[in-house]
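Coordinate inspection notes
Take a look at the letters that make up each chain.
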There are 4 protein chains.
Amino acid sequence: MNPPLDVAVIGCGRIGRIHAENLVTRIAGARLVAVADIIEDCARQVAAQYRVPTATGDYHELLADKTIHAVVICSSTDTHSRIIQEAAAAGKHIFCEKPIDYDLARIHAALSAVEKAGVKLQIGFNRRFDPSFARVRELVSGGAIGQPHIIRITSRDPEPPSLEYIKVSGGMFLDMTIHDFDMVRFLSGSEAEEIYAIGDSLIDRSIRDAGDVDTAIVTMRLKSGALATIDNSFKAVYGYDQRIEVFGSKGSASAANQTPDNHMLMDAAGVHRAKPLYFFLERYTEAYVREMRGFVDAVLKNEPPPVTGEAGLQAVVMGLAATLSLKEGRPVKLAEIS
Amino acid sequence: MNPPLDVAVIGCGRIGRIHAENLVTRIAGARLVAVADIIEDCARQVAAQYRVPTATGDYHELLADKTIHAVVICSSTDTHSRIIQEAAAAGKHIFCEKPIDYDLARIHAALSAVEKAGVKLQIGFNRRFDPSFARVRELVSGGAIGQPHIIRITSRDPEPPSLEYIKVSGGMFLDMTIHDFDMVRFLSGSEAEEIYAIGDSLIDRSIRDAGDVDTAIVTMRLKSGALATIDNSFKAVYGYDQRIEVFGSKGSASAANQTPDNHMLMDAAGVHRAKPLYFFLERYTEAYVREMRGFVDAVLKNEPPPVTGEAGLQAVVMGLAATLSLKEGRPVKLAEIS
Amino acid sequence: MNPPLDVAVIGCGRIGRIHAENLVTRIAGARLVAVADIIEDCARQVAAQYRVPTATGDYHELLADKTIHAVVICSSTDTHSRIIQEAAAAGKHIFCEKPIDYDLARIHAALSAVEKAGVKLQIGFNRRFDPSFARVRELVSGGAIGQPHIIRITSRDPEPPSLEYIKVSGGMFLDMTIHDFDMVRFLSGSEAEEIYAIGDSLIDRSIRDAGDVDTAIVTMRLKSGALATIDNSFKAVYGYDQRIEVFGSKGSASAANQTPDNHMLMDAAGVHRAKPLYFFLERYTEAYVREMRGFVDAVLKNEPPPVTGEAGLQAVVMGLAATLSLKEGRPVKLAEIS
Amino acid sequence: MNPPLDVAVIGCGRIGRIHAENLVTRIAGARLVAVADIIEDCARQVAAQYRVPTATGDYHELLADKTIHAVVICSSTDTHSRIIQEAAAAGKHIFCEKPIDYDLARIHAALSAVEKAGVKLQIGFNRRFDPSFARVRELVSGGAIGQPHIIRITSRDPEPPSLEYIKVSGGMFLDMTIHDFDMVRFLSGSEAEEIYAIGDSLIDRSIRDAGDVDTAIVTMRLKSGALATIDNSFKAVYGYDQRIEVFGSKGSASAANQTPDNHMLMDAAGVHRAKPLYFFLERYTEAYVREMRGFVDAVLKNEPPPVTGEAGLQAVVMGLAATLSLKEGRPVKLAEIS
């Protein structure tokens, strides 16, 4: 057995805490040795809760610490590309939450730094690690459905983000649909060729005023020839709606929603079951554990990480293409985005 | 109780026989009194099987027969608009298989003739009468899901038509997707505003050579603001795949496939169930009965038929828009089609 | 193709009408030529509705008619064994509703008469022809689940029969559970060895006062070694609950309830689907057609009928054993019943 | 917030390790401070893995340690009642795996000691904490199905225990069905009145030679009037089969199996899904966490534990009644067992 991987978490918000807890309780091969947050008290609080030896308000201290092997970047999006570059320069392996950035030049700079340093970089596309989605991918890549022809994704949140968030989020396609774009690549094993998007604000007109949409359908042609459709909404009142399907020459593989329990009530009014799990924290609990295990294993075994920097880049390119398509009301080739 | 409605069937191919059998065995208020087919032997055979008094090779005889109240037009598509006009002029109520025609001028001529004659015209969009689809429509129109935001339709045939048929069919969007276009109108209660289509021949390249596609995704904006997506394939190896969903501000109503039985086998390899019913004859058996019952009732009670000529027109307009969109690689407004 | 089988229906109550309608509309090989009912008006009414040439108040006339090949006995239970004997003596093939009788001596007399006359006798255990149940039987007999170990049946009516009916019905086990007893034999391919029954009137105490139970569980050992359990209720408020399972050395085959449609509604309160079909007329529509087709085919092809007189006998023996078990509070061997 | 509860685990076998891991990683209010095992190396290994300060081969040391508030007894069954008494005398709160003992006198002695010491005792009926089963219980106790009439439990293991284990297990009813007996009490809220059991060894005749059965059906009358049926098998080749249903005057509440994922594959052969989770470790992962949380909370808040010693006693009484019923081939009243 390897000695454990000593890991630091940078950014102690909601997602940072999830990774911290998983590293402490569920990832056998790793040890959480330090946490940083720009609000030092947050870092201290997380450190206290999980008995982490080091807490700091300045993540540079952690990068300077030679005993730390890897960092998990959970800070705000605008800091990702910079910290990736600094961490790479410091020789740390890197797990970074999505997106790397919204600016392609900055993404390329980050990826170059990683390549030059020869460190590993994994992007936090957690959904790939959902047991159902992973099983569908496995069936597709194992040939169970033959050649993929149609990829169909439904991805709906239970409630919109705050207007404040919407104003700085980069828009639905870069903030929310980005996960679905990655899923299309993951499921199909192909790059997108051309994207077309329609959308509107049907839930709340103030979302339109904030410059975004809350309901959208994106379709695309892939280089493999397959076609894909994604439908998104900010507000499914029945909970987080996350369904995928890959249809091909020999069949169809799909994944249904996950529920908190498997009960069924039959009464005079009908047959009733549990709603889908509420949101990503509930639905992807296991996926968060598995992605971190995948990262830690990749570092310990010196293997390529399961979600590469290229995946992080391509999903942003797709998001930019969809954003442009919506703006100009026409299909946009990915080659147009640079 | 009314005296029965005396009905004649024109065209004794596959679909004509279904309507003939249903009129004889399942439609209490109607009496099948005559059948016609350009191949007189076909008409005679059907008449013999269902004990129908009159069989002819020339449907004009039936139009001239004053005792016949209504005709069911199941002849080839190119004859529909003409026979509608003749039947209307003869004062017959008309049930006509879809599509009325692929040419808008001929459709308008047929609809004008119907209006002028004051007879009833119902178009054979049988899927509206599928118990599951009808239930979804009922839930939507009853407000169970609030304002519709997204309509999602999967419609896949178990096997492609013959190449000979494909060459004269008008193309996938006018022949196959036309049912889905009607379903979007039926489910949403709204007209389409703009349509975008992508498609390719992924199943069989000779379909491309014949000028058609076998796999497609169509998206559209509706006048109500709702968005819709349809995915089509000519070949789902597991059977006829017919699923719909309407997602709205208060929830989602959907309909799953129908299977020949409800068995479940659990063994060491997995959990197995029956495939969807094979094709439209199996899946829409009940829908064919209900649509004819709807027509007969509308005539007997002098009420508007449940599927109007306008529905027949609009679905063709949508099919033409999708065909143009695919050809030109851009979204097409319905207002462009005239 | 054979000339059609000329059939008469004796008894024009609810079930007689179903068979009459099916014979007229859905059974290609048969012709309904006569109907009888002790209330002659009923017979006339059915004859008028289905254009049947002959109607009579005295079924003996039909037995005397040499042109009639087969009779369908749907009269009251107390007349079954006598009419079977008379029909057999008249050389008619016989379809008889269950049960043959509640008295074993009379059943034996009926079966002897059938055997002596060399006519065919089929008992109306319609559930064997339900597509889902038939599929489970097929899986079991085809070896898909290996050796059967446990048979599990849930069989619940949506509402109790009238108290008047309960008083003369022979009791729950002979009237209702008899179908489940036949199902145990059908699914397992084995005879019962010993039966134990518990029951009570939990729905309505006046059922107890009428000498019956409304809720029961019956368990049994089969000669094959397999074990079986049946649970019954007179009142499932959500509709007719008819589920079976056969569990064996290589897996489990089961059948779920059937619903009027496949819709699903997801809203803020939960996920909702259609209730099971209301009662036997709705659930077993197709099974009634298939059992009659099976009878007509067996006669036309001179093959053994799919449900024999022996099946009719054994189900009654099982019902008597369960009745005795409940009365005496002990397991009863079938060998005790004679 | 309370200071954490300091807990010791006695017995470091499979189930002891589960509780140890859960106490360390998932139970916020508790601290695992010591582990004991008769094989001291086992204790040391577990202590090392979970960084537990104290490990010993002699649990008496832990009972003597005043800083330890509660013990979790996971040693072999024959030691349970003795350790309960010793732990109670030492003033420790007690979580004890099922069963307390197979001997009623020893159970009573243990329960008396607990009562006298005024400590809390919770029995490890983990299934009560399964989210689906707990939801069904909640629906039943909340009145959603009215008065319970029928309780139906299917409980099948994926593979038989070893013959060595079978010889000392106390028999299927005391070792395996005991969980189902507790489930009947939990779901119905009623005690059993009379039990009848049938069983055989259909899987492996050497199980019969070892004095046990591998397949069984148990039925019972409850004091409330409700009826119950349980079917058990040692070998479901498709995995752990754990389903329950409570049927009542206003409806039915049930829980289906749990699968590792929600994928569906449709191909030319059929529609396929994942098998149930393999065995109790996979199926009841979450239930083990919740039961321990329930225990820790009960102690910290000084409330009655969610599964009492009485529950432990009654399930054994039911197991003894079923065992006697099988042996004597007759229904056995619980009042006979003492």
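On a predicted model such as this, the values are computed, not experimentally measured, just so you know.

Cut-offs applied
- Residues numbered from 1 in each chain as written.
- Chains lettered and ligands numbered in written order.
- Predicted model: local features only at pLDDT ≥ 70, side-chain atom pairs only at ≥ 80, totals over all residues.
- Heavy atoms only, no water.
- Pairing = 2+ DSSP bridges.
- Helix = DSSP H or I, 4+ residues; strand = E, 2+ residues; numbered from the N terminus.
- Axes fitted to C-alpha atoms, helices over the stretch in contact; angles between N-to-C directions.
- Buried < 20%, exposed > 50% of the residue type's maximum accessible area, 1.4 Å probe, protein only.
- Arc of directions from axis to C-beta.
- Contact = heavy atoms within 4.5 Å.
- Buried area = accessible area lost by both parts, 1.4 Å probe.
- Salt bridge = Lys/Arg side-chain N within 4 Å of Asp/Glu carboxyl O.
- Least-squares fit on C-alpha atoms with pLDDT ≥ 70 in both.
- Polar contact = N/O pair within 3.5 Å; in protein donor to acceptor, adjacent residues only side chain to side chain.

**Quick notes on the sheet that holds strand E3 (residues 54-56) of chain A**
Residue and element names in this part refer to chain A. The strand order E3-E2-E1-E4-E5-E6 describes an open sheet built from six strands, whose pairing is parallel. Each edge of the sheet is formed by a strand with only one pairing partner; in this case those strands are E3 and strand E6 (121-123). Within the sheet, the average angular offset between the axes of one strand and its neighbour, ignoring direction, is 20 degrees. Two strands pair when backbone bridges link them, and strand E5 (residues 93-96) and E6 are joined in this way by three bridges, in the parallel orientation. Within E6, the position partnered with Cys96 by the bridge is Ile123.

**So, helix H2 (residues 40-50) of chain C**
Residues and elements named next belong to chain C. Ala43, Val46, Ala47 and Tyr50 are the residues of H2 that are buried. Summarising the axial view, the buried residues of H2 lie within an arc of 100 degrees, below the 170-degree limit, and thus occupy one face. Within H2, the exposed residues directed more than 90 degrees away from the buried face are Asp41 and Ala48. Against the buried residues of H2 lie helix H1 (14-25), strand E2 (30-36) and strand E3 (54-56). Arg51, located one to two residues past H2, shows a positive phi value of around 55 degrees.

**Here we look at the interface of chain C and chain B**
Counting residues at the interface gives 28 residues for chain C, matched by 28 residues for chain B. For the chain C and chain B pair, buried surface summed over both sides reaches about 2,000 Å², with 52% attributable to carbon and sulfur atoms. It is Asn262(C), His263(C) and Leu265(C) in chain C that bury the most area against chain B; as a group they hold 25% of the surface buried on that side. Taken together, the connections running from chain C to chain B amount to zero salt bridges. Among the elements of the structure, helix H6 (131-141), strand E12 (251-255) and strand E13 (263-267) of chain C are those that each provide at least two residues to the side of chain C that touches chain B.

**So, the relation of the copies chain A and chain B**
Mapping chain A onto chain B is achieved by rotating through 180 degrees and translating by 0.0 Å along the same axis, at an RMSD of 0.0 Å. Here the symmetry operator amounts to a two-fold rotation axis. Measuring from the rotation axis to each C-alpha of chain A, the shortest distance belongs to Arg330(A), at 3.1 Å. Mapped onto chain B, 100% of the interface residues of chain A are again interface residues, and the two copies thus contact each other with one and the same surface.

**Side note on the pattern of salt bridges**
Taken as a whole and assessed by the stated rule, the structure comprises 94 salt bridges over all chains. Between Arg283(C) and Asp130(C) there is a salt bridge, and its shortest N-O distance comes to 3.2 Å. Residue Arg283(C) is found in helix H11 (residues 280-283), and its partner Asp130(C) is found in the loop between strand E6 (121-123) and H6; the two are separated by 153 residues along the sequence. Take Arg283(C): its relative accessible area is 4%, and that puts it in the buried class. Salt bridges linked by common partners bring Arg152(A), Glu245(A), Arg156(B), Asp231(B), Asp241(B) and Arg243(B) together as one network.

**Remarks on the side chain of Thr79(A)**
All names here are of chain A. Its location among the elements puts Thr79 in helix H4 (residues 77-89). Classification of Thr79 by relative accessible area gives buried; the value is 12%. Only 2.6 Å separates the side chain of Thr79 from the backbone oxygen of Ser76, close enough to count as a polar contact.

**A word on the interface of chain A and chain B**
Interfaces are often sized by the accessible area lost when the parts come together. With 43 residues of chain A in contact, the opposing surface of chain B contributes 43 residues. Taken together, the two surfaces of chain A and chain B that pack against each other cover about 3,100 Å², and 63% of this comes from carbon and sulfur. One salt bridge in this structure joins Glu245(A) and Arg243(B), with 3.1 Å as the shortest N-O distance. The interface formed by chain A and chain B holds nine residue pairs in polar contact (both at pLDDT 80 or more) in total. If you list the elements that add at least two residues to the side of chain A that touches chain B, you get strand E7 (148-156), strand E8 (192-200), strand E9 (215-222), strand E10 (227-233), strand E11 (241-248) and strand E12 (251-255) of chain A.

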